[in-house]
Structures are given as structure tokens and as C-alpha cells.
2 protein chains.
Amino acid sequence: MKKYIECPFPRLFPSQLEKDDNFYMQLAYNESISAWEQDEVPIGAVIVDKQGEVIASAYNQTRKCNDPTAHAEMLAITMATQKIGDWRMNECKMYVTKEPCPMCAGAAVVGRLKEVYYAYKDPKMGGLGGAISLHELPQSNHKPIVNIGVMEKECLQMMQTFFQLRRIKQK
Amino acid sequence: MKKYIECPFPRLFPSQLEKDDNFYMQLAYNESISAWEQDEVPIGAVIVDKQGEVIASAYNQTRKCNDPTAHAEMLAITMATQKIGDWRMNECKMYVTKEPCPMCAGAAVVGRLKEVYYAYKDPKMGGLGGAISLHELPQSNHKPIVNIGVMEKECLQMMQTFFQLRRIKQK
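Conventions and cut-offs
- Residues numbered from 1 in each chain as written.
- Chains lettered and ligands numbered in written order.
- Predicted model: local features only at pLDDT ≥ 70, side-chain atom pairs only at ≥ 80, totals over all residues.
- Heavy atoms only, no water.
- Helix = DSSP H or I, 4+ residues; strand = E, 2+ residues; numbered from the N terminus.
- Expected span 1.5 Å × (residues − 1).
- Buried < 20%, exposed > 50% of the residue type's maximum accessible area, 1.4 Å probe, protein only.
- Contact = heavy atoms within 4.5 Å.
- Phe/Tyr/Trp six-rings, centres within 6.5 Å; stacked < 30°, edge-to-face > 60°.
- Pairing = 2+ DSSP bridges.
- Axes fitted to C-alpha atoms, helices over the stretch in contact; angles between N-to-C directions.
- Least-squares fit on C-alpha atoms with pLDDT ≥ 70 in both.

## A few points about helix 1 (residues 21-37) of chain A
In an α-helix, one turn spans 3.6 residues, which is why side chains three or four residues apart end up on the same side. Residue and element names in this part refer to chain A. Along its 17 residues, helix 1 runs 25 Å from first to last C-alpha, staying within 8% of the 24 Å computed at 1.5 Å per residue. Within helix 1, 13 of the 17 residues are buried, which leaves it mostly tucked inside the rest of the structure. Looking one or two residues beyond helix 1, the residue adopting positive phi is Asp39, at roughly 60 degrees.

Here is the structure:
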């Protein structure tokens, strides 16, 4: 068995009394730790319904599943639509620990998510404002609202540390 | 049981002796008929390995699965990567009966497909040249080659007829 680098960040225990954007992003952050623990790039996603109920929660599993479509957001979107029994998530919000790639951003559009919250921009491959803006395609019949910056520092630090430690280990 | 409109187009039986782009697109076309027969928007996709072996073949199942990510291309990509045991499809080509949406175009990029062949452009929501060009993101570390026009007329006619008949039925 390969020995993985241990995640140096502890899980968070947000108060159930205040279910704000920060609360849901903390749950997504915990999912990103689950990814790390499986030696996956640490990205987590959570989807919440109109009532603020968490209907999906997932982490990146690309490596484990050998599947490039197994990003946290994609798994969460499939999970959420199965839960609500509808492929349209008009009343739902997704929280992700980084800006979704074009595939996941496209899934947010075709899945008609009402809003997407992500922690920090990805100028290289971000699909919701960073590299390209798939939520603003002129002729699209759905344009999710995009919110940036919840837990930006913590989520960015998680990602940067993961790659720093991986590089050190590879030397 | 709901009565669906029957697909007026017959399946094709391409010769196994000439496995060219037209051959593979005919297989994708047959997949689009399978979609129609399930009352799904008729889109089919096929993925072929370096040796020209078909390693995945799928049709759109968004409606049946209640899942916005269940596009033909996404299902084919997952199937292909499971078959080759690698999330990188560097030596593979995908054939699709219409231009992939941004989600599926993004999946072709993150899945590192060598080439994508599609029958006709979608100026409204096409992700590989029609509405936006996800295969040309400046900082992307993979840029699939895109080929347009194989069986353009037949595939476009299939799609247009599907929506024409659906509109007539709804009246």
C-alpha cells in the first residue's frame, strides 16, 4: 500500500444554529479533507435545497474511480437530482471549495442550479469567471448566479499545501 | 404508459470492412435512435481507441435517469475510462451526433481525449466552437483536436425531426 501524506488540517464543526453560506462552505471544506485522505486533489462540494437542507455532499474521486467525470461537483449534482427526483435544480445552491472547471460549470448550467458559491478563482481552468464564463453564455436558457470568496483563504491554503507537500514527497 | 412518437429513421448497418470516420459516426447515429426510442433527445456518442476498437457507446439518458449529467458523451467517457483503466484518453477519439454542450466539451478536455468528431454545430450551446471554444482555453494543458461535419445532414435531420414531431404531438 502506498503511504499518503496526512492532511494537516482538522475537520471543522460549524454550529448548526447558523446555517449561512459559511456553514455550507465548511461542510464542503470537510469534504475536501475526505478527498485528501484518499490521495485525491482536495475539492469538496455540497448542494442545498430551498429549505437549506443539505441534499448532496461529495468529494473529488477522479483517481480512485479512474474517471475524469468524477469531480466533486459532478457527483454532488447527480446525487442531488436523484434526491429531488428532477434533473432541474432551480431552487438549489451549490457550494464548492474552488472554482468549478468548465465541465462542472457546464453541469451547473444544464442542471439549472440557482446559485453557485465557490471559495476562490482559478484563472487557468475556472469555468465561472476565472478562465471563461459559462454562466454568461448569451443564448443559454439558464444562467446561475455566481458568488465568490466564502472561505477563500482556508480553501486556497488547503489546495496549495496539498501540492506543496506532494512536490516535497516526490523529490 | 405514455405513447412515444416512433422514430421514422431506420438504423444503419455500416460495413465492417471500412472503419473510417463515417463508420464510427454511423454507430453514434444508431445510438441516437436508441435515445429517441426512449423518448430522449436523440444524441449518441461512441469512443474509439488507438486500434480503432469501439470501447464505449452511449446515448442521452437525461430524462430516464433524472440526471442532467447523463448526456451521451458523459456516459461514453465514463464507460471508456473504465474500459481502459485510466482517466486519460490520450489515444482515443469520440464521435458525437451533435456539438457537445459545455459540460461534455469540458469532459473531453479533462478526460484528455485526443480528438472529437461531431456532426453539426450548435451556435446556442456548443462548447467546441459553436457558442464557445473550450478546446482552445489558452492555459489548458490539453487541447483536443476538433473535426466537424461527418454525417452533418443526417444527424441534423434526426434532431430537427424529433422536435418537429414533438411540437405537433403537443398541439
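Now that the structure has been shown, we can carry on.
## Side note on the environment of Cys155(A)
Residue and element names in this part refer to chain A. Note on placement: Cys155 falls in helix 5 (residues 152-170). With 60 residues separating them along the chain, Cys155 and Tyr95 place their C-alpha atoms 12 Å apart. Apart from residues no more than four positions distant in its own chain, Cys155 is found in contact with Tyr29, Thr97, Ala119 and Tyr120.

## Topic: unusual backbone geometry
The backbone of Met151(A) shows a phi angle near 60 degrees, a positive value even though the residue is not glycine. By secondary structure assignment, the location of Met151(A) is in the loop between strand 5 (145-148) and helix 5. Judged by its relative accessible area of 8%, Met151(A) is buried. If you check the backbone angles, Arg112(B) has positive phi at about 55 degrees while not being a glycine.

## As for the packing of aromatic side chains
How two aromatic rings sit relative to each other is given by the distance of their centres and the angle of their planes. Per the counting criterion, the structure on display carries twelve aromatic pairs over all chains. Ring centres of Phe23(B) and Tyr24(B) lie 5.2 Å apart, and the angle between their planes is 80 degrees; this geometry places the pair in the edge-to-face category. Of the two residues examined, Phe23(B) and Tyr24(B), each falls in the buried class. Through pairs of rings, three or more aromatic residues link up here, namely Phe9(A), Trp36(A), Phe162(A) and Phe163(A).

## Observations regarding the sheet that holds strand 3 (residues 93-96) of chain A
All names here are of chain A. Taking strand neighbours across the sheet as the criterion, the five strands line up as 2-1-3-4-5 in an open arrangement whose pairing is mixed. Of all strands in the sheet, those with a lone pairing partner are strand 2 (54-59) and strand 5, marking the two edges. For this sheet, the mean inter-axis angle between neighbouring strands, taken without regard to orientation, is 15 degrees. Looking at chain direction, strand 4 (residues 115-118) and strand 5 are connected through four bridges and run parallel. Of the residues in strand 5, the one forming a bridge with Val116 is Val146.

## With respect to the relation of the copies chain B and chain A
The two copies are related by a screw operation: chain B maps onto chain A through 180 degrees of rotation and 0.0 Å of translation along the axis, at an RMSD of 0.0 Å. Expressed as an axis order, the relation between the two copies is that of a two-fold axis. Identified as the residue of chain B closest to the rotation axis by C-alpha distance is Met103(B), at 2.0 Å. When the interface residues of chain B are mapped onto chain A, 100% of them are again interface residues, pointing to one common binding face.

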